[in-house]
Each structure stands twice: as C-alpha cells, then as structure tokens.
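What follows is each chain in one-letter form.
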Amino acid sequence: MRILCTGGAGYVGSFCLRHFAAAGHEVVAFDNLSEGNADAVAGVGPLVEGDVRDRAALVAAMRAHRIDAVAHFAALISVPASLSDPASYWSVNAHGSQVLLDAMVEAGVGRLVVSSTAAVYDHGAAMPLSETSALAPATPYGTSKLAMEHMVRDYARAHGLAATALRYFNAAGAEPDGSHGEWRRVESHVVPLLMLFALGKRPAFKVFGTDWDTRDGACLRDFVSLQDLAAAHLLALEKAVPGEMGVFNLGTGRGTSVLELITAAEKVIGRPLGWEAAERRAGDPPVLVADAARADEVLGWHAQSSSIEAILAAAWAWHSNHPDGYGPHP
C-alpha cells in the first residue's frame, strides 16, 4: 500500500510510519511540525508540511503520491490542556478529522485507520474496559476523539470506507536500540517525564495523587509499547471491511501504578529516583486498564513487547543516548 500518515512526524505517527516502511509499504508523512520532528522521518519517506485542516493540501498530497490508505495520527493530545483550551481540541481533533474524511472522499482513498483513545470511556465503569463499556468522556480531549469516531463511522457507511478506530491506552517506549523515541516541545506523558527527570532535565518528578483507591495509592495505567501499536495499525489497514468501522482497544490488560513505574525505572537506570507527591489532576481516573480480547479475536493482535521493563529500557536507551532528543528541549 501507499500510506499517508497524518501527524506522521509525531511520536506514534513516525514510529508507525517506519514500521509500515519496514514491512514493504510506501509511506508519506503529512505534518505541520507544530509538535512533530522532521528528523524522526528523515530517510524513510517524503514529508509533506501541511495542516490537517487544509483540505486542498491533503487532496494534493493524496493525488501526488497516489495514496491507497490513510493512518490518521494528527491530533492535540494533552488532557490537562484540553480542559483549559477546548476550542483548539475541537478544531484539530474533530474538525481536522472531518476535513481529512472529505479529502479522502474527494481523492478516492478508501482505507483508513484512526488513532483514538481510552479517554472516550466512562472511567467509572468496571475495569478492564472493553469496547462495549459505557462511553462518557470526562475531558474535551476525549470528547473530541469520540466525535471523530462518530464521523468516521458515518463516512464509512455513506462512502464505503474501510475504517478502523484504535483506542490506545498508554502508549509508551521507543525503538529498542534507542534510535527513535518520544520528544515533544511540551511534555506531559509519564514515561518521558520520568526519563527527563533522571537525566536532570526536569527539577522534579511529581506523582499526582497518592491517596487513590488502588493497591498503593497511585494511579494505575495500562502501558503498551510502540512496537505493539505499530503492528496493530498495519493489521487494521489490512483487515478493515468496506462500509464499516471496526473499534479495538489496544492494551495489555494489566495495570502498572506510577509508584511501580518508578521502582521499575530505578532497576533499569541503576539508581534511586526521588519523587514528589502532588495534588490529583482534573480528568485523571484512578485506574485505566484495557480488555483487548476483541483485537486478538478479529485482528489476531495481542501485546507481545509491552512488559514495563522492556518499555522503560527502550525509553532510557533513547533519552540517555539523545538527551536533547530531536533538538533542544524547552
């Protein structure tokens, strides 16, 4: 396939783009580089600089590169930022997805996989969460992603698109050899924040809430490696059914607490890491764990490279070998 990756220079997008290329597909990254890094895709395939809300630019890229399928990663992703700036999240995540869908219809591209999130669920539902669990996003980030899913389903039915929505739990890790990894201008994810603290790039590592109703008082999260996510995206593109949108959770089915994450990181890095207790953050659920049985049954996918030790070892290899990532950190 010839695959256009929107947000293809971002963290998950660039990782999947390289995985697609390694599997023999032709890849094109489409990214406005507001958060993406051109160096993350250098030498893999063309990079088209453009905004996902620019229909003409999308259509031109699809036609110029004779695109067969789209992997849609372009999005704003910070849960706390979505609470203070919902307009931007609706503009990029919802409206941007509609513009992309219209561009696909205009250009005659009929295969799509979209990056969705566990934030679409009611986090008060019983864990682990399955695809049939109640949907009740608690933040504009989750609401904008759920709106995207509804649009994709409607367009699939109306235009015969073969579409899949993949609901990530906590994407984490890097290339095992440390050659590529996570690097954002404004970082909010727990694994890179911990790595940056260990490198002295951050003054403190904060644990947001130590009195949750969990086994050690800290939040529990389901961490899934980029290797496993990339494999799921390719399977989704290959197995999607025209006129339908499949929905699949991507996770391991087991939770790791933030305190357990720190302990595991100390073993990987080889020294103690301090931390500071902080107030709970708005929008944070105490536990977030996936039931990914449907992905196994339908796609033949299950997490194979997502032990917390492997994720942290890869992340440490990336950050310690590239302390300034793809460029100076703010």
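Data block above holds the structure.
It should be emphasised that the depicted structure is a prediction, and the values quoted were computed from it without experimental measurement.

Trainee: Explanation requested: the packing of helix α8 (residues 258-269) against helix α10 (residues 308-321) in the structure shown.
Mentor: For any two helices packed against each other, one specifies the inter-axial angle together with the distance between the axes. Here α8 crosses α10 at 55 degrees, and the two axes come no closer than 9 Å. Here α8 is positioned oblique relative to α10, judged by the angle of their axes. Handedness of the α8/α10 crossing: right-handed. From α8, Leu261, Ala264, Ala265, Val268 and Ile269 reach across to α10, where they touch Ile308, Glu309, Leu312, Ala313 and Trp316. Per-class residue counts for the contact of α8 with α10 are nine nonpolar, no polar and one charged.

Trainee: Sorry if this is basic, but what is going on with the sheet that holds strand β1 (residues 2-6) here?
Mentor: Two pairing modes exist for strands in a sheet, parallel and antiparallel, and in both the strands are linked by backbone hydrogen bonds. In space, the seven strands of this open sheet follow the order β3-β2-β1-β4-β5-β6-β11, with parallel pairing throughout. Only two strands of the sheet have a single neighbouring strand rather than two, namely β3 (47-49) and β11 (244-250). When strand polarity is set aside, the average angle formed by the axes of neighbouring strands in this sheet is 20 degrees. Looking at chain direction, β1 and strand β4 (residues 69-72) are connected through four bridges and run parallel. Pairing of threonine 6 across the sheet is with histidine 72, part of β4.

Trainee: What should I look at first to understand the sheet that holds strand β14 (residues 287-288) in this one?
Mentor: Read from one edge of the open sheet, three strands run β12-β9-β14, paired in mixed fashion. A single partner strand is all that each edge strand has here, and the edge strands are β12 (256-257) and β14.

Trainee: For this particular structure, what's the right way to read the environment of arginine 157?
Mentor: Within the secondary structure, arginine 157 sits in helix α5 (residues 140-159). In this structure the C-alpha to C-alpha distance between arginine 157 and glycine 243, which are 86 residues apart in sequence, comes to 4.7 Å.

Trainee: Where do I start with the packing of helix α6 (residues 190-198) against α10 in this structure?
Mentor: Orientation of α6 relative to α10, taken along the N-to-C sense of each, is 50 degrees, at an axis distance of 10 Å. Judged on the interaxial angle alone, α10 and α6 are oblique. Every pair of crossing elements has a handedness; the one defined by α6 and α10 is right-handed. Of the residues in α10, those in contact with Val191, Pro192, Met195, Leu196 and Ala198 of α6 are Leu312, Ala315, Trp316 and His319. Partitioning the contact of α6 with α10 into residue classes produces eight nonpolar, one polar and no charged.

Trainee: I tried to follow the nonpolar core on my own but got confused; where do I start?
Mentor: Judged by nonpolar contacts, the single largest core of 33 residues is most densely connected at Val12, Phe20, Leu166, Leu229 and Trp301. Mapped onto this core, the elements with two or more residues apiece are β1, α1 (11-22), β2 (26-31), β4, β6 (162-168), α7 (226-239), β11 and α9 (293-299). A per-element tally of this core places α7 first, with seven residues. With residues near it in sequence (within four places) discarded, tryptophan 301 still touches Val224, Asp228, Ala231, Ala232, Leu235, Asn249, Leu250, Gly251, Ala292, Ala295 and Asp296. The next biggest cluster of nonpolar side chains, apart from the first, holds 31 residues, and it includes Leu4, Ala61, Ala94 and Ala156.

Trainee: Could you clarify how one ought to interpret α1 in this entry?
Mentor: With 12 residues, α1 extends 17 Å from end C-alpha to end C-alpha; this agrees with the ideal 16 Å at 1.5 Å per step. Of all 12 residues in α1, nine are buried, a share of seventy percent or more. Taken residue by residue, α1 has Tyr11, Val12, Gly13, Ser14, Phe15, Cys16, Leu17, Arg18 and Phe20 as its buried positions. Residues of α1 that are buried sit in contact with β1, β2, β4, β6, β7 (170-172) and α7. Once α1 finishes, glycine 24 follows within two positions and takes phi at roughly 100 degrees, a positive value.

Trainee: Before we go on, may I ask you to explain the side chain of glutamate 182 in this structure?
Mentor: Summarising the element assignment, glutamate 182 is placed in the loop between β7 and α6. A distance of 2.7 Å separates a polar atom in the side chain of glutamate 182 from a polar atom in the side chain of histidine 189. Residues within four places of glutamate 182 in sequence aside, it is in contact with Tyr11, Glu187, His189, Pro192, Trp318 and His319.

Trainee: I'm lost on the side chain of arginine 18 in this one. Help?
Mentor: In this structure, arginine 18 sits in helix α1. A distance of 2.9 Å separates a polar side-chain atom of arginine 18 from the backbone oxygen of alanine 40. Not counting the four nearest positions on each side in its chain, arginine 18 is found in contact with Ala40, Val44, Glu175 and His180.

Trainee: Help me understand unusual backbone geometry in this model?
Mentor: Where the residue is not glycine, phi is negative for most of them; where a peptide bond is considered, it is trans in most cases. Proline 128 follows methionine 127 through a cis peptide bond whose omega is 0 degrees. The residue proline 128 is located in the loop between β5 (111-117) and α5 in this model. A positive phi is found at leucine 33, a non-glycine position, where the angle reads about 60 degrees. Along the chain, the position of leucine 33 falls in the loop between β2 and β3. Despite not being glycine, arginine 66 has its phi angle at roughly 50 degrees, a positive value. Tracing the sequence through the fold places arginine 66 in the loop between α2 (55-64) and β4. Taking relative accessible area as the criterion, arginine 66 reaches 53% and is therefore assigned exposed.

Each value, and the rule that gives it
Residues numbered from 1 in each chain as written. Predicted model: local features only at pLDDT ≥ 70, side-chain atom pairs only at ≥ 80, totals over all residues. Heavy atoms only, no water. Axes fitted to C-alpha atoms, helices over the stretch in contact; angles between N-to-C directions. Helix = DSSP H or I, 4+ residues; strand = E, 2+ residues; numbered from the N terminus. Parallel < 35°, antiparallel > 145°, perpendicular 65-115°, else oblique. Left-handed = near helix turned anticlockwise from the far one by under 90°. Contact = heavy atoms within 4.5 Å. Nonpolar A, V, L, I, M, F, W, Y, C, P; charged D, E, K, R; others polar. Pairing = 2+ DSSP bridges. Core = buried A, V, L, I, M, F, W, Y, C linked by side-chain atoms within 4.5 Å. Buried < 20%, exposed > 50% of the residue type's maximum accessible area, 1.4 Å probe, protein only. Expected span 1.5 Å × (residues − 1). Polar contact = N/O pair within 3.5 Å; in protein donor to acceptor, adjacent residues only side chain to side chain.

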